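Fold and contact review
Here's the letter readout for the chains.
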Amino acid sequence: MASHPYRDRDAMRRCVEAIARRVSQPWTLMEVCGGQTHAILRHGLDRLLAPAGIALIHGPGCPVCVTPTARIDQAIALARTPGVILCSFGDMLRVPGSGEDLSTARARGARVQVVYSPLDAVRLAQRQPQDQVVFFAVGFETTAPATALAVLQAQALGLANFSLLVAHVRVPPAVAALLATPNHRIQALLAAGHVCAVMGLAEYAPLVRRFRLPVVATGFEPVDILQGVLRAVDQLEGGQARLENAYARAVTDGGKGNAQRLLETVFEPATRPWRGLGEIPNGALSLRPAWQAFDAEARFPLDQMPESSHPDCQAAAVLTGRLTPTECPAFGRRCRPEHPLGAPMVSAEGACAAYFHYRAPMEEG
Ligand code: SF4
């Protein structure tokens, strides 16, 4: 059987050789996508590139991981509210809040329902009009259009028992916040191909101008990532700072107009904290005033909880690329997927989980 063209070992080798030929000094590149982080670890791209002096560091590319503990605490509080069913994607269930997680809360009687799409939650609200159904809306710009569609659907159905606890976040403002941090190590950015596929490239142009660094929209297969690295390195070696698209088979300049219109209809940029990064101006999405009737924060009395992570968890440093997960003293010892101290070890897209699955067994063995 022919190998996948973007996972082909010879193509990977040719990319690595091309990068090595182009490099004259060490460079540090950041990706902001949990899918890319996992692909880098799974295929050992960091190790293939290290001899050429290329360091890959990982940014806050996992929406589950950047959801603050305070938001998870609010989700748990809602799930414990009589008459409320909290609907969530499965990967949020074991992410710790300040105390317990949704899974533990469910075992103790809270009503938590795993759904596979926001429309599942709308259908549940339709089937169970006696209950209030709240969808815990977590994700980047890639998943927010489906949430927007669910709100439109709930309105069309006249559902008064459906609402959202919104935790959607926007990637470019978070990248801007990282780049504005003193002493960051980021010399070029691999922009997440799935976000660019929806939103297009335009949001990154101001970052390229303001911070004068290469930004390359990059896909998820190993050859995609290596091609993105090659384009970024080529710019760095040439002293250039441009916005480039190395994922043309999925990303267009304008992105997906339909998805953007859905987003703009229902959501507006908002300022909320990210786990590890704090408050990021316009780094989140909130329901527009016209859709406040679907906002769980307006419908239910929710306390503003303080942010409170496990004291030994260094997720903030991991999510900002200042620490490699294996450098966390708890990694693989007190923090493992079966008893995680922080979100990056739980989520399928978390950096700590990626290192645990693809690196720890080798190094421990
Ligand atoms: S290894 Fe565990 S404790 Fe350390 S930063 Fe990652 S999630 Fe937190």
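Remember, predicted model here, so these are calculated numbers, not experimental data.

Bringing the site of the ligand into the picture now. Not every one of the 16 residues close to the ligand is listed here, only the nearest: Cys 313, Cys 328, Cys 335, Gly 342 and Cys 352. Where the shell around the ligand is concerned, the elements lending two or more residues are helix H14 (315–319) and helix H15 (343–346). Grouping the amino acids of the shell around the ligand by side-chain chemistry returns 13 nonpolar, two polar and one charged.

This part is about the domain arrangement of the chain. Much of the literature gives interface size as the accessible area that the parts lose upon coming together. Looking at the chain, the domain boundaries give domain 1 (9–59 + 172–242), domain 2 (69–169 + 255–299) and domain 3 (315–358). Relative to domain 3, the C-alpha centre of domain 1 lies at a distance of 21 Å. Contact residues are listed per partner, giving 13 residues for domain 1 and nine residues for domain 3. Of all the secondary-structure elements, those providing two or more residues to the side of domain 1 that touches domain 3 are helix H2 (34–42) and strand S2 (54–58). Of the residues contributing to the side of domain 1 that touches domain 3, the split by class is five nonpolar, six polar and two charged.

It is worth spelling out the nonpolar core at this point. Of all hydrophobic cores here, the largest spans 123 residues; its most connected members are Val 134 and Phe 136. Considering every element that reaches this core, the biggest residue donor is helix H11 (residues 222–237), with eight residues. Once residues lying within four places of it in the same chain are set aside, the contact partners of Phe 136 are Ala 75, Leu 86, Cys 87, Ser 88, Met 92, Leu 165 and Ala 167.

Turning our attention to the sheet that holds strand S3 (residues 84–88). Taken together, the four strands give an open sheet; going across it, the order is S4-S3-S5-S6, and neighbouring strands pair in parallel fashion. Each edge of the open sheet is held by one strand with a lone partner, namely strand S4 (112–114) and strand S6 (162–168). Adjacent strand axes in the sheet meet at a mean angle of 25°, parallel and antiparallel pairs treated alike. Sheet analysis places S3 next to strand S5 (residues 132–139), joined by four bridges and oriented parallel. Note that in S5 the partner of Val 84 across the bridge is Gln 132. In this fold helix H7 (residues 144–156) packs onto S5 and S6, with an angle of close to 165° to the strand it touches most, S6.

This paragraph deals with the environment of Ala 177. Along the polypeptide, Ala 177 turns up in helix H8 (residues 171–179). For Ala 177, a count of 19 C-beta atoms within 10 Å corresponds to the partly exposed category. In contact with Ala 177, not counting residues within four places along its chain, are Leu 277, Ile 280 and Gly 283.

Below, the discussion takes up the sheet that holds S2. Sheet architecture is open: five strands sit in the order S2-S1-S7-S8-S9, paired in parallel fashion. The open sheet terminates on both sides in strands that have one partner only, identified here as S2 and strand S9 (243–245). Across the sheet, the mean angle from the axis of one strand to that of its neighbour is 25°, orientation sign disregarded. Relative to the sheet, H11 contacts strand S1 (27–31), S2, strand S7 (188–192), strand S8 (215–218) and S9, its axis offset from that of S8 by approximately 170°.

Right, let's get into unusual backbone geometry. The phi angle at Arg 212 is positive, at roughly 50°, despite the residue not being glycine. Along the chain, the position of Arg 212 falls in the loop between helix H10 (205–211) and S8. Since 11 C-beta atoms lie within 10 Å of it, Arg 212 is described here as exposed. The backbone of Asn 282 sits at a positive phi, close to 60°, despite the residue not being glycine. Here Asn 282 shows up in strand S11 (residues 278–287).

This part is about the packing of helix H6 (residues 118–127) against H7. One way to put it is that H6 packs onto H7 with a least axis distance of 8 Å and a crossing angle of 20°. Accordingly, the angle class assigned to the pair H6 and H7 is roughly parallel. Between H6 and H7 lies a crossing of right-handed hand. Residues Pro 118, Leu 119, Ala 121, Val 122 and Ala 125 of H6 lie in contact with H7, whose contacting residues are Ala 146, Thr 147, Ala 150, Gln 153 and Ala 154.

Once that is clear, we can look at the packing of H2 against helix H16 (residues 351–358). The interhelical angle for the contact between H2 and H16, taken along N-to-C directions, is 20°, at an axis separation of 9 Å. By the angle class used here, H2 and H16 are roughly parallel. The hand of the H2/H16 crossing is right-handed. Where H2 approaches H16, its residues Thr 37, His 38, Leu 41 and Arg 42 are matched on the opposing element by Ala 351, Ala 354, Tyr 355 and Tyr 358.

A separate point is H8. Those residues of H8 not exposed but buried are Val 171, Pro 172, Pro 173, Ala 174, Val 175 and Leu 178. Among the structural elements, S7, helix H9 (193–199), H10, strand S10 (267–274) and S11 are those in contact with the buried residues of H8.

With five of five residues buried, S7 lies mostly within the body of the structure. In S7, alternate side chains face the same way, and those of Ala 188, Leu 190 and Ala 192 on one face and Leu 189 and Ala 191 on the other are all buried. Judged from the three bridges that link them, S1 and S7 form a sheet pairing that is parallel. Of the residues in S7, the one forming a bridge with Glu 31 is Leu 190.

Rules of the game
Residues numbered from 1 in each chain as written. Predicted model: local features only at pLDDT ≥ 70, side-chain atom pairs only at ≥ 80, totals over all residues. Near = placed C-beta within 6 Å. Helix = DSSP H or I, 4+ residues; strand = E, 2+ residues; numbered from the N terminus. Nonpolar A, V, L, I, M, F, W, Y, C, P; charged D, E, K, R; others polar. Domains from an automatic or database assignment. Contact = placed C-beta atoms within 7 Å. Core = buried A, V, L, I, M, F, W, Y, C linked by C-beta atoms within 7 Å. Buried ≥ 20, exposed ≤ 12 C-beta atoms within 10 Å, placed from the backbone. Pairing = 2+ DSSP bridges. Axes fitted to C-alpha atoms, helices over the stretch in contact; angles between N-to-C directions. Parallel < 35°, antiparallel > 145°, perpendicular 65-115°, else oblique. Left-handed = near helix turned anticlockwise from the far one by under 90°.

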